[in-house]
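# Understanding the architecture of this molecule
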Amino acid sequence: MTAEKLDVLVTRATVRIGPESEPEKLWGSGFFVAPGWVLSCAHVLTLKVGPAGVGSLRVRVRGHGGLDVRARPAYWFGGGTDPEQDLVLIRLTEDVTHTCVRLTDRYDAPKAAVTAYGWYSLPDGTPERWKGESVCNGKAHAHSLTLGPTVEIPHGASGGPLLDCRRGVVAGVVKARRSQKDGGLAVAATALRGFRHAVVVGPGEDKAERGELGDNPYAALIRAHDIWHQSAMGGGSWVKAQDGMVADGERRWGPRDSAEASALLARLPEPDSPVELEQVIERVLGDEPLWQDEVAPRDWRDGHGWLYDHKKEGADLVSLHYLRVVAQLCGPQAPVPAAELERWVESRAGKLPDHERALLMGVAPGAPAPWSDAPRAQGRRAHPRGSDRAEDDEGPVVAVELEPDLFRPKDRFHWRIWTWIGGAETVQAVDEDFDGEGVSLADLEEALTGPLMRTFGQLDGERRARLEVALPVEHFGVDARLWQPRPAVRSLRQRPDERRFGVHRQVVLRSLKRRGEPASVWRERWRGVAEGEPKALYVQSEAYARRTLDEGPPGAVPVLCRTPAESTGSLSRAIAAGYGVALWNLKAEHPHGCGADCAELQVRADKLLSSAGRGTALPERLRTLREDFSLAAPDTDWVEHLALLYDDPRRPIPLCDDLLESP
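A brief structural summary. (Residues numbered from 1 in each chain as written. Predicted model: local features only at pLDDT ≥ 70, side-chain atom pairs only at ≥ 80, totals over all residues. Heavy atoms only, no water.)

In this section: the packing of helix 8 (residues 315–330) against helix 9 (residues 335–348). Relative to each other, helix 8 and helix 9 sit at 160 degrees, their axes nearing to 9 Å. Our classification of the angle between helix 8 and helix 9 gives roughly antiparallel. Pair helix 8 / helix 9 crosses with left-handed handedness. Taking contact as the criterion, the partners of D316, L320, L323, R324, A327 and C330 in helix 8 are, on helix 9, A338, L341, E342, W344, V345 and R348. Of the residues belonging to the contact of helix 8 with helix 9, the class tally is 8 nonpolar, no polar and 4 charged. (Axes fitted to C-alpha atoms, helices over the stretch in contact; angles between N-to-C directions. Helix = DSSP H or I, 4+ residues; strand = E, 2+ residues; numbered from the N terminus. Parallel < 35°, antiparallel > 145°, perpendicular 65-115°, else oblique. Left-handed = near helix turned anticlockwise from the far one by under 90°. Contact = heavy atoms within 4.5 Å. Nonpolar A, V, L, I, M, F, W, Y, C, P; charged D, E, K, R; others polar.)

Further remarks concern the nonpolar core. Grouped together as the largest cluster of nonpolar side chains are 54 residues, with contacts concentrated most on V33, W37, L39, L45, V61, L89 and F195. For this core, the element with the most residues is strand 5 (residues 67–76), which contributes 6 residues. With 41 residues, the next largest nonpolar core counts L402, F476, V507 and W584 among its residues. (Core = buried A, V, L, I, M, F, W, Y, C linked by side-chain atoms within 4.5 Å. Buried < 20%, exposed > 50% of the residue type's maximum accessible area, 1.4 Å probe, protein only.)

This paragraph deals with the side chain of D316. Mapped onto the elements, D316 comes out in helix 8. With near-sequence residues (within four places) excluded, D316 lies in contact with R252, W253, R348 and L352.

As a further point, take the pattern of salt bridges. A side chain of one charge can pair with a side chain of the opposite charge if their charged atoms are brought near each other. Considering all chains together, one arrives at 32 salt bridges under this definition. Close ionic contact of D7 with K131 constitutes a salt bridge, the shortest N to O distance being 2.8 Å. With a gap of 124 residues between them, D7 in helix 1 (residues 2–13) and K131 in strand 8 (residues 127–140) connect regions that are remote in the sequence. For K131, a relative accessible area of 43% gives the class partly exposed. Linking R466 and E468 is a salt bridge whose minimum nitrogen-to-oxygen distance equals 3.1 Å. What makes R466 buried here is its relative accessible area of 3%. Overlapping salt bridges bring together E401, E403, R416, E432 and R515 as one network. (Salt bridge = Lys/Arg side-chain N within 4 Å of Asp/Glu carboxyl O.)

Inspection of every chain in the model, using the stated rule, returns 5 aromatic pairs. With 5.2 Å between their ring centres and 10 degrees between their planes, F476 and W584 make a pair best called stacked. Of the two residues, F476 is situated in the loop between strand 18 (466–471) and helix 12 (501–504) and W584 in strand 22 (residues 581–585); the sequence distance between them amounts to 108 residues. Classification of F476 as buried rests on a relative accessible area of 0%. W584 gets classed as buried once you look at its relative accessible area, which sits at 0%. Ring plane angle 70 degrees and centroid distance 5.1 Å describe the contact between W526 and Y646, whose orientation is recorded as edge-to-face. One end of the pair, W526, is in helix 13 (residues 520–531); the other, Y646, is in strand 23 (residues 642–646), and 120 residues separate them in sequence. Judged on exposure class, the residue W526 and its partner Y646 are both buried. Sitting over the face of the ring of W522, R514 holds its NZ or CZ atom 4.7 Å from the ring centroid. Of note, R525 hangs over the ring of Y579, and the distance from its end group to the ring centre comes to 4.0 Å. (Phe/Tyr/Trp six-rings, centres within 6.5 Å; stacked < 30°, edge-to-face > 60°. Lys NZ or Arg CZ within 6 Å of the ring centre and 35° of its normal.)

See below:
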């Protein structure tokens, strides 16, 4: 019954347009998109009077339930002859009760089945309703949709709605039959975004008289549309009918979720620009959104339309994160509606599985989610309005090579500092200490602070150099992430660059065994992580390490819940098996085997890795999590003792001892 109900609602919202003075004359079709607003094709009017005469037209709109009301053209998209600019907005001159269609909030075209609605004239000239079923079988330019040969659009149907039958929303405006071909043409609903620059038509200079929608007609129209659908939740609710059509596999973020979220977004200030929207979407999705300028999202609702097909987490999780980011952005300008949106997000998050809800609500709203690929600028809290973008694995690197002194206790080391500003060919040894008795682990931080700060000072620019510490596996419990530069000035106030290294720059570990030319197995496993989708590979104990690690698939990332002291054998096996990326807990104790903390680490690591587009995003993502923890962000305690092996074979530590150059 739901499809039939939706068919009735579309029919009720579809109107016929003709001259005010001739009640039965049919010029074309249209449909209600917001209270008092009819969308149609501009050629329905311009064919009668020409472009110059559109503003003086007086038309009559007739439809369901004896609707018969006077109207006038108000906006003409583009004012040109381009087929994609063949849209007009018609304003009713009196208030009447009517049904509105629900416009798609997606950016993509219908996948297959569509139904076109409109009016046509019988042989005796009597107007009659029409609909035709077809398929959307192509797209031309930014907004032109082609319809299959199963439908022939009759004269008079131009301007009617094109229903996406699979999603239950109107995806376009019926335009015309195809010249000398079967099928027809339609204008995609995304073309409405062009009404930001629509030509205002109509008599007089009084904006109220002309039904003016303000400086951004598109935003005003689509917001009125969304608010109307939130209020129309009774028996004739479009959203209720649409909700019954959606397949079970798509139900996690349903039509009602979308409609309620869109109405809340409609009460917020408009985005500053499409660039701001792009940055928000990129941070939430973890991918740079690629679109033509003509279809670029213009309002918060449009940005939401890019989130549906996120296969890894599902549209609900990414949509809720997107809404939190938008609410935070708009909070200073509109605290009341922004707070209302945040409350709705928190309530809707209650439908998520427990671990997903905890993950979502623990993310700082202005930060990218830990499941996303979105890069963040190093060394400062990134903001969605910012323009800085850090590439995952590019930028300068400082590596500290810690060589055990063979003639003294194993906890004493000599050190050398290497740098890269690009690929392997840019390597330089800039400082070292291979004299004397070496430095103990306890004294490493103090001994290296001066040399490291000098080196960072030479390399840091827009991005802070990553710190890589290469040492034997049995010392992988080193707390390099907690190293802290000495204050340049004694003060009660700590400067950002005096925070612990793990907070304001990437800090990772490397295996000292991997010096010189990388082994093929190391390269192969690295490609699996860097180019594919990294997947968590749990190594619960050394008893299972050999079989688990040797059989690990490409893209596998070992996750160890035991400390390096308890899992030295597992870590050594991982290195020998070619793994270049691994995660482990630095502090967990196991007096009675694995417990709740281990289970939480597995869930967190699985989410972190399975959603990463590539393993090269992990150093920066871990840094941002550490920064969030340092700022007491909720639900981040699990990351405090998380360590990362990040051994990039594209930048191997050289074997040579004679490369020392003055810095």
